[in-house]
Amino acid sequence: MDRAQKEKLVDELGQIFESSGVVVVAHYAGLTVADMQDLRARAREAGGAVRVAKNRLAKIALDGKPCESIGGLLSGMTVLTYSEDPVAAAKVAEDFAKDHKQFEIVGGAMGENALDRAGVTAVSKMPSRDELIAQIASMLGAPASNIAGAIGAPASNIASILSTVEEKAEAA
């Protein structure tokens, strides 16, 4: 890899570190190519991505970025799983680690906050952006349906009372 390629890679990694909601660092020694393809596919489905980069270049790219604190995690065979959604990459990494014992999560960063192994697990258990939006939408929709039900209920009650009165009048 020549100097121009390295500079380009450092720029790409810098953009990843700057724009990602969460970055998870893991060791992947012992994983097969098929396993890595599986990890990449899972990350892509969740709206994230996976990147293997030279630790030295990644440390250069981290300089001055919000998640600079993860520089100490970059040693050995490391892979970066990242996403704009602050939860997606952590969920993908946790799920993948359950299936593959060789995939060892070391830590990560969520913005300027460094995450240890337990922190990544905690983030992975949080609801994703889409789940939160769905929850908020259902909360906003619930009062409207309650109002509609309350408005419709008296009308149906009046109708049943009138039909009862009519039946009694006809019987008499």
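Note that the structure is a prediction, hence the values are computed from the model and not measured.

J.: Help me out: how do you make sense of the overall build of the protein chain in this one?
T.: A tally of regular secondary structure across the protein chain gives six helices and five strands. Each helix (α) and strand (β) of the protein chain, taken in turn from the N terminus, gives the series α-β-α-β-α-β-α-β-β-α-α. Out of the 172 residues in the protein chain, the part that is buried amounts to 35%. Working note: accessible area of the protein chain is about 10200 Å², and carbon and sulfur atoms make up 57% of it.

J.: Would you explain the layout of surface pockets in this entry?
T.: In this approach the atoms are scanned with a rolling probe the size of a water molecule, which exposes any empty space left behind. Approximately 230 Å³ is the volume found for the largest pocket. If you trace the largest pocket, you find it lined by Arg3, Lys6, Glu7, Val10, Lys54, Arg56, Leu57 and Ile60. The set of elements that each furnish at least two residues to the lining of the largest pocket consists of helix 1 (3-19) and helix 3 (55-62). The leading source of residues in the lining of the largest pocket is helix 1, at four residues. Grouping the constituent residues of the lining of the largest pocket by class yields three nonpolar, no polar and five charged. Of the voids in this model, the second largest pocket is the one considered here, and its volume is about 150 Å³. Considering the residues around the second largest pocket, the lining is formed by Ala46, Glu84, Asp85, Ala88, Lys91, Val92, Asp95, Ser128, Arg129, Asp130 and Glu131. Residue assignment for the lining of the second largest pocket shows that the elements contributing at least two residues are helix 4 (88-99) and helix 6 (129-171). Taken together, the residues of the lining of the second largest pocket sort by class into three nonpolar, one polar and seven charged.

J.: What should I look at first to understand the environment of Gly14 in this one?
T.: Along the chain, Gly14 falls in helix 1. Here the alpha-carbon distance between Gly14 and Ile60, two residues 46 residues apart in the chain, equals 8.5 Å.

J.: Explain the nonpolar core here, please?
T.: Across soluble globular proteins, nonpolar side chains show a tendency to be buried alongside one another. Residues Val24, Met36, Leu39, Val79, Phe103 and Ile105 are the most contacted members of the largest nonpolar core, which totals 21 residues. Looking at this core, the elements with two or more residues in it are strand 1 (22-27), helix 2 (33-45), helix 4 and helix 5 (117-124). Ranked by residues supplied to this core, first place goes to helix 4 with six residues. When neighbours within four sequence positions are excluded, Val79 is seen to be in contact with Val24, Val25, Ala26, Tyr28, Met36, Val50, Arg51, Val52 and Phe103.

J.: Explanation requested: the environment of Met36 in the structure shown.
T.: By the secondary structure assignment, Met36 is in helix 2. With a relative accessible area of 7%, Met36 lands in the buried category. Here the alpha-carbon distance between Met36 and Val79, two residues 43 residues apart in the chain, equals 9.7 Å. With residues up to four places along the chain from it excluded, the contact list for Met36 reads Tyr28, Leu31, Val50, Val52 and Val79.

J.: Explain the side chain of Thr78 to me, please; I cannot follow it from the model alone.
T.: Its location among the elements puts Thr78 in strand 3 (residues 78-83). Within polar-contact distance, the side chain of Thr78 engages the side chain of Asn55 at 2.5 Å. The contacts of Thr78, once residues within four sequence positions are left out, are Val25, Ala26, His27, Tyr28, Val52, Ala53, Asn55 and Leu73.

J.: Where do I start with the sheet that holds strand 2 (residues 48-52) in this structure?
T.: Strand pairing in a sheet relies on backbone hydrogen bonds, with the paired strands running either antiparallel or parallel. Strand order in the open sheet formed by five strands is 2-3-1-4-5, with antiparallel pairing between adjacent strands. Bordering the open sheet on either side are strand 2 and strand 5 (113-115), each of which pairs with just one other strand. This sheet shows a mean twist of 20° between the axes of neighbouring strands, independent of strand direction. Judged from the five bridges that link them, strand 1 and strand 4 (residues 104-110) form a sheet pairing that is antiparallel. Among the inter-strand pairings, Val23 is bridged to a residue of strand 4, identified as Ala109. Against the sheet, helix 2 engages strand 2 and strand 3, with an angle of about 145° to strand 2. Where helix 5 meets the sheet, it contacts strand 1, strand 4 and strand 5, and its direction lies at approximately 70° from that of strand 4.

Basis of the calculations
- Residues numbered from 1 in each chain as written.
- Predicted model: local features only at pLDDT ≥ 70, side-chain atom pairs only at ≥ 80, totals over all residues.
- Heavy atoms only, no water.
- Helix = DSSP H or I, 4+ residues; strand = E, 2+ residues; numbered from the N terminus.
- Buried < 20%, exposed > 50% of the residue type's maximum accessible area, 1.4 Å probe, protein only.
- Areas by Shrake-Rupley, 256 points an atom, 1.4 Å probe, with all protein chains shown as cover.
- 1 Å grid on protein atoms, 1.4 Å probe; cavity = no way out; pocket = protein on both sides within 12 Å on 5 of 7 lines; lining within 4 Å.
- Points joined across faces, edges and corners; volume = space filled by probe spheres on them.
- Nonpolar A, V, L, I, M, F, W, Y, C, P; charged D, E, K, R; others polar.
- Core = buried A, V, L, I, M, F, W, Y, C linked by side-chain atoms within 4.5 Å.
- Contact = heavy atoms within 4.5 Å.
- Polar contact = N/O pair within 3.5 Å; in protein donor to acceptor, adjacent residues only side chain to side chain.
- Pairing = 2+ DSSP bridges.
- Axes fitted to C-alpha atoms, helices over the stretch in contact; angles between N-to-C directions.

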